[in-house]
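Residues per chain are reported as follows:
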Amino acid sequence: MGSSIVVSDANFAAEVVQKSYEKPVLVDFFAQWCGPCQMLKPVLEKLTQEYDFVLAKVDIDQNPELASTYGIEGVPDVRVVSHGELSNGFVGMLPEAEIRDLLAQLGLKSELELGLEAVREAIAANNPAQAKQQFDQLFQKYPEDRKLILEAAKFLLSLNQLEPAQKMLATIQEHEKGYFAEAQAIKAMIQFQQETDNPVIESELDQQFSNASKLALEQNYEAALQGFLAIVGKDRKYKNDGARKAMIAIFDLLGDDHPLTKGYRKQLMLTLY
């Protein structure tokens, strides 16, 4: 989507300043002898294949006047140019995730993000066939991407294709922080679906758990949390602590900052202790 170019004093104005009126330009001031520069280079090159920006590479030893003009004191030093205005980016080697955050701040979206937006639009338009086709295309390019796997698993869950959804989620391991919590939450939603599809009602608690599971699937999370909390208060051991685990799964799904998570986490603690 983007492009990469070697820049010097001779073409800086044309390839950086002028191009910045069309799309953001990241100017990578580097040196051949700089280890972190060589580590950063492939990361930036990779991102140009996903995001629509220009990567302008400036060797400070070959272009000392440019380095002096822009006050480059250490490398790598990445500056951002947009609409002719140069601003600070970052100095040193940054993790890829933080560079992606910088690109997001510039209003850029990756090819994968744009693809997922198209998938969501197809789902909202009740066109699962088109959504599946778009998922297939994205998996051809990004077969290991965790965000894509999570979105696809949620899509399969919505189609009640529970077994393939579970297989996808099984590829996400516990050490993959952030992704693993969401994967566990989706697994819980699959269990809620199984509970709703094949309820075994032999007691009042069975009925309450089935009702709460159905409410969770309907995204009526507050009512679901109320139902599961009532079960915790009556019988902590029910379904091997299943009601408490169900609440934790909903917390993971909503995120730590959601008002329901904050409120019901306190209520759960009070009920338990």
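Look a little higher up for the structure.
Residues numbered from 1 in each chain as written. Predicted model: local features only at pLDDT ≥ 70, side-chain atom pairs only at ≥ 80, totals over all residues. Heavy atoms only, no water.

Caption draft 1: The arrangement of the nonpolar core in detail. One finds F135, L148, F192, F228, M247 and I250 to be the most contacted residues of the largest nonpolar core, which totals 48 residues. The biggest single contributor to this core is helix α7 (residues 146–158), with 8 residues. Look past the residues within four positions of I250 in its chain and what remains in contact with it is F192, A216, Y221, A224, L225 and F228. One finds V16, V25, V75 and V81 within the second-largest nonpolar core, a separate group that totals 19 residues. (Core = buried A, V, L, I, M, F, W, Y, C linked by side-chain atoms within 4.5 Å. Buried < 20%, exposed > 50% of the residue type's maximum accessible area, 1.4 Å probe, protein only. Helix = DSSP H or I, 4+ residues; strand = E, 2+ residues; numbered from the N terminus. Contact = heavy atoms within 4.5 Å.)

Caption draft 2: Broad picture of the sheet that holds strand β5 (residues 85–91). Strand order in the open sheet formed by 5 strands is β1-β3-β2-β4-β5, with mixed pairing between adjacent strands. Across the chains shown, the open sheet's two edge strands, defined by having one partner strand only, are β1 (3–6) and β5. Taking the axes of each pair of neighbouring strands and ignoring which way they run, one obtains an average angle of 25 degrees across the sheet. Relative to strand β4 (residues 77–82), strand β2 (residues 25–30) runs antiparallel, the two being bridged by 5 bridges. Of the residues in β4, the one forming a bridge with V25 is V81. Against the sheet, helix α2 (residues 35–48) touches β1, β2, β3 (54–59), β4 and β5, its axis set at about 160 degrees to β3. (Pairing = 2+ DSSP bridges. Axes fitted to C-alpha atoms, helices over the stretch in contact; angles between N-to-C directions.)

Caption draft 3: Quick peek at the pattern of salt bridges. Inspection of the entire model under this criterion finds 21 salt bridges. Between E15 and K19 there is a salt bridge whose closest N-O contact spans 2.8 Å. Under the relative-accessibility criterion, K19 is labelled partly exposed at 28%. A salt bridge links K46 to E96, with the nearest nitrogen and oxygen atoms 3.1 Å apart. Note that K46 is positioned in helix α2 and E96 in helix α4 (residues 96–105), a separation of 50 residues in sequence. One network of salt bridges, with partners in common, ties together K46, E50, E96 and R100. (Salt bridge = Lys/Arg side-chain N within 4 Å of Asp/Glu carboxyl O.)

Caption draft 4: The arrangement of helix α11 (residues 221–234) in detail. A rise of 1.5 Å per residue sets the reference length of α11, with its 14 residues, at 20 Å; its end C-alpha atoms lie 20 Å apart and thus fit the reference within 8%. Looking at the packing, one finds that the buried side of α11 touches α9 (179–197), α10 (204–217), α12 (242–254) and α13 (259–272). (Expected span 1.5 Å × (residues − 1).)

Caption draft 5: Broad picture of unusual backbone geometry. In this structure, the amide linkage connecting V75 to the following residue, P76, adopts the cis form with an omega of 0 degrees. With respect to the helices, strands and loops of the structure, P76 is situated in the loop between α3 (64–69) and β4. Even without being a glycine, D241 presents a positive backbone phi close to 65 degrees. As for its placement among the helices and strands, D241 is situated in the loop between α11 and α12. Take D241: its relative accessible area is 12%, and that puts it in the buried class.

Caption draft 6: Seen up close, the side chain of S213. Within the secondary structure, S213 is located in helix α10. For S213, a relative accessible area of 0% puts it in the buried group. Here F209 takes part through its backbone oxygen, which lies 2.9 Å from a polar atom of the side chain of S213. Leaving out residues up to four positions away in the same chain, S213 has contacts with F192, E195, T196 and F228. (Polar contact = N/O pair within 3.5 Å; in protein donor to acceptor, adjacent residues only side chain to side chain.)

Caption draft 7: Quick peek at the pairing of β3. Buried residues dominate β3, accounting for 6 of its 6 residues. Judged from the 4 bridges that link them, β1 and β3 form a sheet pairing that is parallel. Along β3, the bridge assignment pairs S3 with V54. Here β2 runs beside β3; their pairing, made up of 6 bridges, is parallel. Bridge assignment links F30 to a residue of β3, and that residue is D59. One crossover worth recording links β2 to the parallel β3 by way of α2, and it is right-handed. (Right-handed = clockwise from strand over helix to strand, strands pointing away.)

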